[in-house]
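# Architecture and fold: a report
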Amino acid sequence: MSSKQLGTLLIVSGPSGCGKTTLCRRAEKDGLTGYSISCTTRAPRPGEVNGVDYFFLTQEEFDSRVATGDFLEHACVHGNHYGTLKSEVLRLLSAGKNVVMDIDVQGAASIRACQDPEIRRAYADVYIHVPSEELEHRLRGRGTDAEEVILLRLHNAAIEDARRDEYQYILSSAEREADYARFKALLTSLGMRTQLKR
Ligand code: 5GP
């Protein structure tokens, strides 16, 4: 008798600067997960590549994909639209691959409410928490964003933090390597859930 393994869908949220993108990208680089590339209407930052970092869409293109029901979830974050393609996620999960999704608290809430049986079986979520002083230090140290963007992100961080108890797991961010070790351990444990066998 053969059984097919469904991948884990791990939603990773936390404020800008918490290191969630680094964790997700590193897990992907180490072959532990696939990465679902999101669509966004924001302009690419220097060095970002269409189809690698995001699918960069115009507002009209984005609206038309919403209308055709292509998104598992979509949300407006910092004044731009972001969305996760259902096709990307299901393709990876059914191939037995883990999918990590770096999305905000609104996106996480809508995926949690998703009724698709494969998504529900595969689902897990983790919130990356960073104390506010440390977060400000990291955002300023990054040197990529204007002052008003940093202030907006700190304001949004407080709002997101208030919802961290909605998550199944909380990773309290410390040192980069320790964070990654715990992130990997979480993925390993989640892959052992009986519900993923079929
Ligand atoms: P950034 O513009 O810095 O890449 O991302 C800004 C915010 O948008 C981050 O909090 C990130 O997690 C969130 N984000 C990225 N992709 C998606 C997505 O597909 N859906 C939602 N809801 N949020 C996303």
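Scroll up to find the structure.
Here's a quick rundown of the structure.

Procedures and definitions
- Residues numbered from 1 in each chain as written.
- Predicted model: local features only at pLDDT ≥ 70, side-chain atom pairs only at ≥ 80, totals over all residues.
- Heavy atoms only, no water.
- Disulfide = S-S within 2.5 Å.
- Pairing = 2+ DSSP bridges.
- Helix = DSSP H or I, 4+ residues; strand = E, 2+ residues; numbered from the N terminus.
- Contact = heavy atoms within 4.5 Å.
- Axes fitted to C-alpha atoms, helices over the stretch in contact; angles between N-to-C directions.
- Parallel < 35°, antiparallel > 145°, perpendicular 65-115°, else oblique.
- Left-handed = near helix turned anticlockwise from the far one by under 90°.
- Nonpolar A, V, L, I, M, F, W, Y, C, P; charged D, E, K, R; others polar.
- Buried < 20%, exposed > 50% of the residue type's maximum accessible area, 1.4 Å probe, protein only.
- Phe/Tyr/Trp six-rings, centres within 6.5 Å; stacked < 30°, edge-to-face > 60°.
- Lys NZ or Arg CZ within 6 Å of the ring centre and 35° of its normal.
- Near = heavy atom within 4 Å.
- Polar contact = N/O pair within 3.5 Å; in protein donor to acceptor, adjacent residues only side chain to side chain.
- Areas by Shrake-Rupley, 256 points an atom, 1.4 Å probe, with all protein chains shown as cover.

## Some remarks on the state of the cysteines
All told, the structure shown has zero disulfides when counted by the stated rule. Of the cysteine sulfurs around Cys-76, a residue in no disulfide, the closest is that of Cys-39, at 15 Å. With no disulfide partner, Cys-114 has as its closest neighbouring cysteine sulfur the one in Cys-39, 17 Å distant.

## As for the sheet that holds strand β5 (residues 71-77)
Ordered in space as β4-β3-β6-β5, the four strands form an open sheet in which the pairing is mixed. Looking along the sheet, the strands with just one partner apiece sit at the ends: β4 (55-56) and β5. Examined bridge by bridge, β5 and strand β6 (residues 80-85) share six bridges and lie antiparallel to one another. Of the residues in β6, the one forming a bridge with Ala-75 is Tyr-82. With respect to the sheet, helix α3 (residues 86-94) is in contact with β5 and β6, its orientation differing from that of β6 by roughly 35°.

## Notes on the packing of helix α6 (residues 132-142) against helix α7 (residues 147-161)
Packed helices, taken two at a time, are described by the angle between their axes plus the distance between the axes. Packing of α6 against α7 brings their axes to within 11 Å, and their N-to-C directions diverge by 150°. For the element pair α6 / α7, the angle class is roughly antiparallel. By crossing handedness, the relation of α6 to α7 is classed as right-handed. Residues Leu-135, Glu-136, Leu-139, Arg-140 and Arg-142 of α6 touch α7, and the partners they reach there are Glu-147, Ile-150, Leu-151, Arg-153, Leu-154 and Ala-157. Broken down by class, the residue content of the contact of α6 with α7 amounts to six nonpolar, no polar and five charged.

## A closer look at the pairing of β5
Burial analysis of β5 places five of its seven residues in the buried class, the great majority of the element. Between β5 and β6, which pair antiparallel in sequence order, lie two residues; one of them, His-78, sits at a positive phi of approximately 50°.

## With respect to the packing of aromatic side chains
Here the structure, examined in full by the defined rule, presents four aromatic pairs. Here the aromatic residues Tyr-54, Phe-56 and Tyr-82 are joined through ring pairs into a cluster of three or more. Residue placement shows Arg-112 over the ring face of Tyr-167; its charged tip is 4.8 Å from the ring centre.

## Overview of the sheet that holds strand β1 (residues 9-13)
With respect to topology, five strands assemble into an open sheet ordered β2-β7-β1-β8-β9, the strand pairing being parallel. Only two strands of the sheet have a single partner each, and these edge strands are β2 (34-35) and β9 (169-172).

## Re the site of the ligand
Taken together, 17 residues lie around the ligand, and Ser-38, Arg-42, Tyr-54, Glu-73 and Tyr-82 are the ones closest in. At 2.9 Å, a side-chain N or O of Arg-45 approaches an oxygen atom of the ligand. Between the ligand and the protein, one listed contact pairs an oxygen atom with a side-chain N or O atom of Thr-84 at 3.2 Å. For the ligand, whose accessible area on its own is 510 Å², the fraction buried by protein is 93%.

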